[in-house]
Amino acid sequence: MTDAVAPRAEDFVPGRPVVFRNATVITVDSAGVLENADVLVTDDTIAGVGHNLEVPAGTLEIDAKGGIIMPGMIDTHRHMWQTALRGYGGDWALSQYFVFYYLTWGHVFRAEDIAAGNQLSALESVDQGVTTTVDWSHALRTPDYADAAVEALRSIPGRFVLAYGNYLGAPWEWMNEPGFQQWVKNFRADDMMGLQVAFDVNSGPDFHEKAAFEAARELGLRVTTHAGVWGVNGDPNIEYMYDNGFMTDTVTYVHASSLGPDSYHKIAATGGTISIATESEQSAGQGYPSAWVAKKYGITASLSMDTSVWWSADFFSAMRATLSSFRSRDHLEAQSKGDTVNVNRMKAEDAVWQATMGGAHTLGMADKIGSITVGKKADLVLLKNDESPAMTPILNPYAHVVYQAGTADVHTVVVNGKVVKYDGQRIGLPLKPVADRVAASVEYVRGELGEDAWKEWMNPALPEDEPIANPYMYLSEDDGHQH
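Residues numbered from 1 in each chain as written. Predicted model: local features only at pLDDT ≥ 70, side-chain atom pairs only at ≥ 80, totals over all residues. Heavy atoms only, no water.

K.L.:
How would you summarise the overall build of the protein if you had to cite specific residues and measurements?
P.N.:
Along the backbone of the protein there are 15 helices and 17 strands. Scaling as 2.2 N^0.38, a compact globule of 483 residues should have a C-alpha radius of gyration of about 23 Å, and the protein matches this with 24 Å. With the principal axes as the frame, the protein shows a C-alpha extent of 80 × 65 × 50 Å. Expressed as a percentage of its 483 residues, the buried residues of the protein come to 55%. Contacts in the protein between residues at least 24 apart in sequence constitute 74% of all its contacts with a sequence separation of at least 6. Across the protein, the centroid of the 35 positively charged side chains sits 7 Å from that of the 62 negatively charged ones. (Helix = DSSP H or I, 4+ residues; strand = E, 2+ residues; numbered from the N terminus. Rg over C-alpha atoms; globule rule 2.2 N^0.38 Å. Buried < 20%, exposed > 50% of the residue type's maximum accessible area, 1.4 Å probe, protein only. Contact = heavy atoms within 4.5 Å. Lys, Arg positive; Asp, Glu negative; His and termini not counted. Charge placed at Lys NZ, Arg CZ, Asp CG, Glu CD.)

Structure below.
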């Protein structure tokens, strides 16, 4: 093997093999971690994993020494369209989110607004090494909206799953409308674009959602549903689903953070999966992040970032927060009994698995993506930054990914065999046209709200805290107040 000249962006042409040399490879399969190893990509497939690989003539070589190659990350629940209002609701409580979108302003968003947010979010996904994203698209008021959402996703060379939803309608109604059903029948899923249906169970004992589940079953669609959200949908909704035979391994329960033992047992027994959105659960109050209960009850879990109207799309943050929340819960449980945690039950390796293979299992795609395994789709991320102090030394690769690396260290991203980012730069994916599209959407939405409402919703009024009497403070003789 001779020293290779570093590739240029224009060298990455369709059909040309690519090999990564001398990396620390986190395979997320039975091979574990390989040191100073190579990964060969041919067409859209991982063709080789090992040491000193022989490669076809003309293969591009990427020097990955000092870096970590891991599978592309998989986000199983992101309201991508809301990225157009990035950070706008950063100080919201969950009820304010519901009132803003569901009850007050949801109707102002047009199909082009959905498309703008989707395109920005899709670009951000591949830029950060999230090679597969579930678009929990719950603002698709008509099939035209869905067309716009899909058009935006297909404009970016990532792997996406559209989870079709409509929060302004009843799922048992819109899922049985001829227009929706015909749209689904016309939809052509492929390796880069899948389809699910997204709706929640909230109707009570009448269980109107039964008709929605029946429609999903008839159309052959997986279901993703917010469940175990404190004060919104709890154990009775799980019971309705179970008693009617709709809890299967094709259902993903988003959050699932405030359910009782019986509900978790039912999810585990029926092969359901949980999509954990730790930063959302910590901040919006759906319940304690569900990584702890997922492990306790033996439920397969994946990770998600929820919405950038509140939080970022940073999957390193997702892994870090999830691992930390699990360990915090373990400490709290032990200390409540007067005990001490002497061994951490959730390891960094588990967080990496949830961010990759956990997502693949959640999507029913474990045979295609989620690990660096010969024969699987070539979805890869190289973490390498020779100028970052945090990227040296690399001693514990799993812990390094979770607690040391960050988005600035994403050197190369490969999706379905195509190099979409190299040496920290996206290839043929400029931000400006996407940003301009989003700016036009923001201008429109801001105009619809009016300036006063725009500012009020971004800066919700806070209640005053009740003062706590402190016996260690003294009273001033001059003013009679505590100091």
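K.L.:
Before we move on, could you go through the side chain of N233 and cite the residues and values that matter?
P.N.:
Structurally, the position occupied by N233 is in the loop between β10 (222–227) and α7 (235–243). Within the structure, N233 has its side chain in polar contact with the side chain of N202 (distance 3.4 Å). Every residue in contact with N233, bar those within four places of it in the chain, is listed here: D200, V201, N202, H226, A227 and G228. (Polar contact = N/O pair within 3.5 Å; in protein donor to acceptor, adjacent residues only side chain to side chain.)

K.L.:
Go over helix α11 (residues 315–336) with me, naming the residues and quoting the values.
P.N.:
Compared with the 32 Å implied by 1.5 Å per residue over 22 residues, the 31 Å span of α11 between its first and last C-alpha is a close match. Where α11 begins, the capping side chain belongs to D314, and its oxygen is found 2.9 Å from the backbone nitrogen of F316. (Expected span 1.5 Å × (residues − 1).)

K.L.:
Residue-level account of helix α12 (residues 348–362), with values.
P.N.:
With 15 residues, α12 should cover 21 Å at 1.5 Å per step; its first-to-last C-alpha distance of 20 Å lies within 8% of that length. Taking burial as the measure, the 15 residues of α12 include 11 buried ones, the bulk of the element. For α12, every residue scored as buried is listed here: A348, A351, V352, Q354, A355, T356, M357, G358, G359, A360 and T362. A positive phi of about 70° marks G364, the residue just after α12.

K.L.:
How would you sum up the packing of aromatic side chains? Please name residues and give values.
P.N.:
Per the stated rule, a full pass over the model turns up 33 aromatic pairs. Arranged with centres 6.4 Å apart and planes meeting at 85°, the rings of W92 and W457 form a pair that is edge-to-face. On the criterion of sequence distance, the pair formed by W92 in the loop between β6 (73–78) and α1 (94–105) and W457 in helix α15 (residues 451–458) is long-range, its members being 365 residues apart. A relative accessible area of 3% means that W92 is categorised as buried. One residue, R110, lies across the ring of Y444, its end atom 3.5 Å from the ring centre. (Phe/Tyr/Trp six-rings, centres within 6.5 Å; stacked < 30°, edge-to-face > 60°. Lys NZ or Arg CZ within 6 Å of the ring centre and 35° of its normal.)

K.L.:
So what's going on with the environment of D452? Which residues, and what values?
P.N.:
One can find D452 in helix α15. Along the sequence, D452 and A360 sit 92 residues apart, while their C-alpha atoms lie 44 Å from each other.

K.L.:
Could you give an account of the pairing of strand β12 (residues 273–276), with specific residues and numbers?
P.N.:
Here β12 shows a buried face lined by T273 and S275 and a second buried face lined by I274 and I276. Judged from the 3 bridges that link them, strand β11 (residues 251–255) and β12 form a sheet pairing that is parallel. Bridge pairing in β12 places T252 opposite T273. Regarding topology, helix α8 (residues 261–269) serves as the crossover connection from β11 to the parallel β12, and that connection is right-handed. (Pairing = 2+ DSSP bridges. Right-handed = clockwise from strand over helix to strand, strands pointing away.)

K.L.:
Please give an account of unusual backbone geometry that cites residues and values.
P.N.:
Negative phi characterises most residues that are not glycine, and trans characterises most peptide bonds. That bond from T392 to P393 is cis: its omega, -5°, falls within 30 degrees of zero. Positioned with a positive phi, D43 is a non-glycine residue whose angle comes to about 55°. In this structure, D43 sits in the loop between β2 (33–42) and β3 (45–50). The backbone of D423 sits at a positive phi, close to 55°, despite the residue not being glycine. Here D423 shows up in the loop between β16 (418–422) and β17 (425–426).

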